[in-house]
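Letter by letter, the chains look like this.
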Amino acid sequence: MTETLIRRVEVDPPSRNTPPRPKRRGEPGRSWRLYLPLGLYLLFTLVPFYWMLVFAFRPTGSTALVPWPITFEHFDTVWNGLGFGVFFANSLVVAVGTLGVVSVLALMGGYALARFRFRGQRVFLLALLCTQFVPGAMMLIPLFVIFKNAGLLNSLTGLIIADTAFQLPLALILMSGFVRNIPVELEEAAMVDGCSRPRAFFAITLPLLRPALVAVGSFAFIGAWNNFLFALMFASRQDKFTLPVGLSYALGEFNTDFGALAAGGVVAAVPVVLVFAVVQRFLVQGLSAGAVKG
């Protein structure tokens, strides 16, 4: 009887209720469904950058799809002829200044919002959030009047203040979320051991906030570097122009030098690419930490 049961099990087909074998991660069917949309999206994203590089490096009058022979005449035109060296230095001063001011103020304000309770705190946080729905164009007239009365027009200091006012609310919201993710018990343990609150902050909390500072500082730098509206309205002298305003002057009234315009775009994009290449690891870590609570 035992032999009969064994033969029946061997002969009978498997049950229809048996779950199908799960596909392995490396199977071709799953790979092309994943990588084909990603490849198409990558192609759609990189084609404009490729065309910018083609126009920037191929000779004037050429229609080749590949920039060969490579020429740097367009870069010489924008750097020496259009004064992009001055524009680049102005953009760097404004972006680095905005980064420093926003990082310091966001660090102090975010710590206060996360660690202390005060009357009107929820209203203040709601006001910060509502500022993200206000377009920058609505701030032009009030800021222009303030800067005119303060003598800050045609100055890089005025551009730093304007960019800081525009970037700071989001930085405060992000930094407060980062600080809340750090257990307050770490600071309390340090204060029990004899540390004051400032010393506990600098010794315990600040090192843990390094990814948060990188994330907030990166957003402030990129926002100030790419800001066109404030630089156009608050600086009318050519020696105070930034790169976005300088790029707009590469557009002629009757014709446009696309090679020079593309070369200026490459010059403007290089610092942004380098910043993200350097801080990529800290940026992902900081954003993932701030997305847990806040």
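Above this text sits the structure in question.
All values derive from a computational prediction rather than experimental measurement.

Colleague: Sorry, what's going on with the packing of aromatic side chains here?
Modeller: Between two aromatic rings, the relevant description is the distance of the centres plus the angle of the planes. In this structure the tally under the stated criterion is 16 aromatic pairs. Note on Phe57 and Phe75: the rings are 5.1 Å apart at their centroids and 45° apart in plane angle, and the pair reads as tilted. A residue pair is termed long-range when its members are at least 10 positions apart, and Phe57 in helix 2 (residues 28-57) and Phe75 in helix 3 (residues 73-81) qualify at 18 residues. With respect to burial, Phe57 and Phe75 carry one shared label: buried. Summarising the aromatic geometry, the rings of Phe87 and Phe241 are spaced 6.0 Å apart at their centres and angled 45° between planes, so their arrangement reads as tilted.

Colleague: Looking at this model, I keep getting lost on the pattern of salt bridges. Mind explaining?
Modeller: Note on pairing: side chains with opposite charge can pair once their charged atoms come close. Following the criterion strictly, the structure yields three salt bridges and no others. Of the charged contacts, one joins Arg197 and Glu187 as a salt bridge, the two residues approaching to 3.9 Å between their closest N and O atoms. With a gap of ten residues between them, Arg197 in helix 9 (residues 197-208) and Glu187 in helix 8 (residues 184-192) connect regions that are remote in the sequence. Residue Arg197 is classed as partly exposed on the basis of its relative accessible area, which comes to 34%. Looking at Glu187, the relative accessible area reads 1%, which means it is buried. The partner of Arg237 in a salt bridge is Asp239, with the nearest N and O atoms 2.8 Å apart. Accessibility expressed as a relative area gives 42% for Arg237, which makes it partly exposed. Exposure remark for Asp239: the relative accessible area of 36% places this residue in the partly exposed category.

Colleague: Help me understand a nonpolar patch on the surface, please; the structure alone is not making it clear to me.
Modeller: On the surface, Leu43, Val47, Tyr50, Trp51, Leu65, Val66, Trp68, Ile70 and Phe72 cluster together into a nonpolar patch covering about 980 Å² of accessible area. Summarising the element assignment, Phe72 is placed in the loop between helix 2 and helix 3.

Colleague: How should the side chain of Asn154 be read in this particular structure?
Modeller: By secondary structure assignment, the location of Asn154 is in the loop between helix 6 (140-150) and helix 7 (156-180). In terms of polar contacts, Asn154 uses its side chain to reach the backbone amide nitrogen of Arg237, at 3.2 Å. Aside from chain neighbours lying at most four places away, what touches Asn154 is Phe234, Ala235, Ser236, Arg237 and Lys240.

Colleague: Please clarify how helix 10 (residues 210-226) should be interpreted in this entry.
Modeller: A rise of 1.5 Å per residue sets the reference length of helix 10, with its 17 residues, at 24 Å; its end C-alpha atoms lie 24 Å apart and thus fit the reference within 8%. Counting buried positions along helix 10 gives 13 out of 17 residues, so the element sits mostly inside the fold.

Colleague: Which parts of the structure should I look at to understand helix 3?
Modeller: Spacing of three or four residues puts side chains on the same side of an α-helix, whose turn is 3.6 residues. Within helix 3, the full set of buried residues consists of His74, Phe75 and Val78. Take helix 3 and look down its axis: the buried residues cluster within an arc of 100°, on one side only. Within helix 3, the exposed residues directed more than 90 degrees away from the buried face are Asn80 and Gly81.

Colleague: What should I look at first to understand the environment of Leu105 in this one?
Modeller: Position of Leu105 among the secondary structure elements: in helix 4 (residues 84-115). Residue Leu105 is classed as partly exposed on the basis of its relative accessible area of 36%. Distance in space between the C-alpha atoms of Leu105 and Leu168 is 7.7 Å, their sequence separation being 63 residues. Excluding residues within four positions of it along the chain, Leu105 makes contact with Gly110, Thr164, Leu168 and Leu172.

Rules and cut-offs
- Residues numbered from 1 in each chain as written.
- Predicted model: local features only at pLDDT ≥ 70, side-chain atom pairs only at ≥ 80, totals over all residues.
- Heavy atoms only, no water.
- Phe/Tyr/Trp six-rings, centres within 6.5 Å; stacked < 30°, edge-to-face > 60°.
- Helix = DSSP H or I, 4+ residues; strand = E, 2+ residues; numbered from the N terminus.
- Buried < 20%, exposed > 50% of the residue type's maximum accessible area, 1.4 Å probe, protein only.
- Salt bridge = Lys/Arg side-chain N within 4 Å of Asp/Glu carboxyl O.
- Patch = residues over 30% accessible without salt bridge, like charges linked within 9 Å, V, L, I, M, F, W, Y side chains within 5 Å.
- Areas by Shrake-Rupley, 256 points an atom, 1.4 Å probe, with all protein chains shown as cover.
- Polar contact = N/O pair within 3.5 Å; in protein donor to acceptor, adjacent residues only side chain to side chain.
- Contact = heavy atoms within 4.5 Å.
- Expected span 1.5 Å × (residues − 1).
- Arc of directions from axis to C-beta.

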